[in-house]
Amino acid sequence: DQQVKQNSPSLSVQEGRISILNCDYTNSMFDYFLWYKKYPAEGPTFLISISSIKDKNEDGRFTVFLNKSAKHLSLHIVPSQPGDSAVYFCAATFSGGSNYKLTFGKGTLLTVNP
Amino acid sequence: GAVVSQHPSWVICKSGTSVKIECRSLDFQATTMFWYRQFPKQSLMLMATSNEGSKATYEQGVEKDKFLINHASLTLSTLTVTSAHPEDSSFYICSAALSGRGKNIQYFGAGTRLSVL
């Protein structure tokens, strides 16, 4: 049972335009959500996170939106740059737990074309 | 952000030998670290949770005698792949948890590419 789903395996956008990456979750216990960026043969890099008490968190070109009722979150990158081309993983966790485990989606490959 | 160092980045070994991978949190203390494995074009698969001063917790299907984990200090966890075989060839990634004030963020090392001949 996949608790975090990234239904789009890939996304292609033009440089300068907005990239929107989507993520859905099924476990209502999740209350903290993260986005990671990963290049091939490297570890994931933390990008941005959001707590369930918020519906939006912004950091520079990156904004994460959370819709709790729909159990859906999205990552907006604007403007998109060629260097943003990577695999993006959505992850979720329960911040009140003691094991700190993250549940990852399968990732979305973003390609930003010059 | 917090920095996690993983070493070595790439190792080639003969079948039957053991390989040790180190994971260090450089600028923070991590009571909990994690070890993942990534197969080509797939997501991260959690192998085990490493807790400082106690035994690791392994995910279902992961052989604890095959993948030995030691978390001897608040900044260091090691993964030893014992008697490695070609099917153990993979990309192994560690992370360290930084949590508090309603946050729970894992910071990842750069990964180790293991090739068993």
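Structure: see above.
Keep in mind the model is a prediction, meaning the values are calculated, not measured.

*Asks:* Account for the interface of chain A and chain B, with residues named and values stated.
*Replies:* With 21 residues of chain A at the interface, the matching set in chain B holds 24 residues. Approximately 1700 Å² of surface area, both sides summed, lies buried where chain A meets chain B, with 60% of it carried by carbon and sulfur atoms. Along the contact surface separating chain A from chain B lie one salt bridge. In this structure, the salt-bridge partner of Lys101(A) is Glu59(B), at a minimum N-O distance of 2.7 Å. Mapped by element, the contributors of at least two residues to the side of chain A that touches chain B are β4 (32–38), β5 (45–51) and β9 (86–93) of chain A. In terms of residues, the side of chain A that touches chain B owes the most to one element, β4(A), which gives four residues. Among the residues forming the side of chain A that touches chain B, the class breakdown is eleven nonpolar, six polar and four charged.

*Asks:* If you had to explain the sheet that holds strand β1 (residues 4–5) of chain A to someone new, which residues and values would you point to?
*Replies:* Residues and elements named next belong to chain A. The strand order across the open sheet built from five strands is β1-β3-β8-β7-β6, with neighbouring strands paired in antiparallel fashion. The sheet is open, and its two edges are formed by β1 and β6 (56–59), each paired on a single side. Relative to strand β8 (residues 72–77), strand β7 (residues 62–67) is paired through six bridges, and the arrangement is antiparallel. Bridge pairing in β8 places leucine 66 opposite leucine 73.

*Asks:* So what's going on with the pairing of strand β2 (residues 10–13) of chain B? Which residues, and what values?
*Replies:* Along any regular strand, the residues point their side chains to alternate faces of the sheet. Residue and element names in this part refer to chain B. Across the two faces of β2 the burial differs, with Val11 and Cys13 buried and Trp10 and Ile12 not buried at all. Across four bridges, the pairing between β2 and strand β11 (residues 112–116) is parallel. When the bridges of β11 are listed, tryptophan 10 appears paired with arginine 113.

*Asks:* Go over the nonpolar core, please, and point to the residues and values.
*Replies:* As a rule of thumb, soluble globular proteins bury nonpolar side chains together. Counting 43 residues, the largest nonpolar core has Tyr36(A), Phe104(A), Tyr36(B) and Leu114(B) as the members making the most contacts within it. With six residues, the single largest contributor to this core is strand β9 (residues 90–100) of chain B. With residues near it in sequence (within four places) discarded, Phe104(A) still touches Val4(A), Tyr36(A), Phe89(A), Cys90(A), Ala91(A), Tyr36(B), Ser43(B), Leu44(B) and Phe108(B). Ranked by size, the runner-up nonpolar core spans 23 residues in total, among them Tyr25(A), Val64(A), Leu75(A) and Val112(A).

*Asks:* Could you give me a rundown of the sheet that holds strand β7 (residues 67–73) of chain B, with the residues and numbers involved?
*Replies:* Residue and element names in this part refer to chain B. Strands sit in the order β1-β3-β8-β7 across an open sheet of four strands; the sheet is antiparallel. Since the sheet does not close on itself, it has two edges, and those belong to β1 (4–7) and β7, each with one partner. Strand-to-strand twist of the sheet, defined as the mean angle between neighbouring strand axes without regard to direction, takes the value 15 degrees. In this structure, strand β3 (residues 19–25) lies alongside strand β8 (residues 76–81), joined through six bridges in antiparallel fashion. What sits directly across from isoleucine 21, in β8, is leucine 79.

Calculation notes
Residues numbered from 1 in each chain as written. Chains lettered and ligands numbered in written order. Predicted model: local features only at pLDDT ≥ 70, side-chain atom pairs only at ≥ 80, totals over all residues. Heavy atoms only, no water. Contact = heavy atoms within 4.5 Å. Buried area = accessible area lost by both parts, 1.4 Å probe. Salt bridge = Lys/Arg side-chain N within 4 Å of Asp/Glu carboxyl O. Helix = DSSP H or I, 4+ residues; strand = E, 2+ residues; numbered from the N terminus. Nonpolar A, V, L, I, M, F, W, Y, C, P; charged D, E, K, R; others polar. Pairing = 2+ DSSP bridges. Buried < 20%, exposed > 50% of the residue type's maximum accessible area, 1.4 Å probe, protein only. Core = buried A, V, L, I, M, F, W, Y, C linked by side-chain atoms within 4.5 Å. Axes fitted to C-alpha atoms, helices over the stretch in contact; angles between N-to-C directions.

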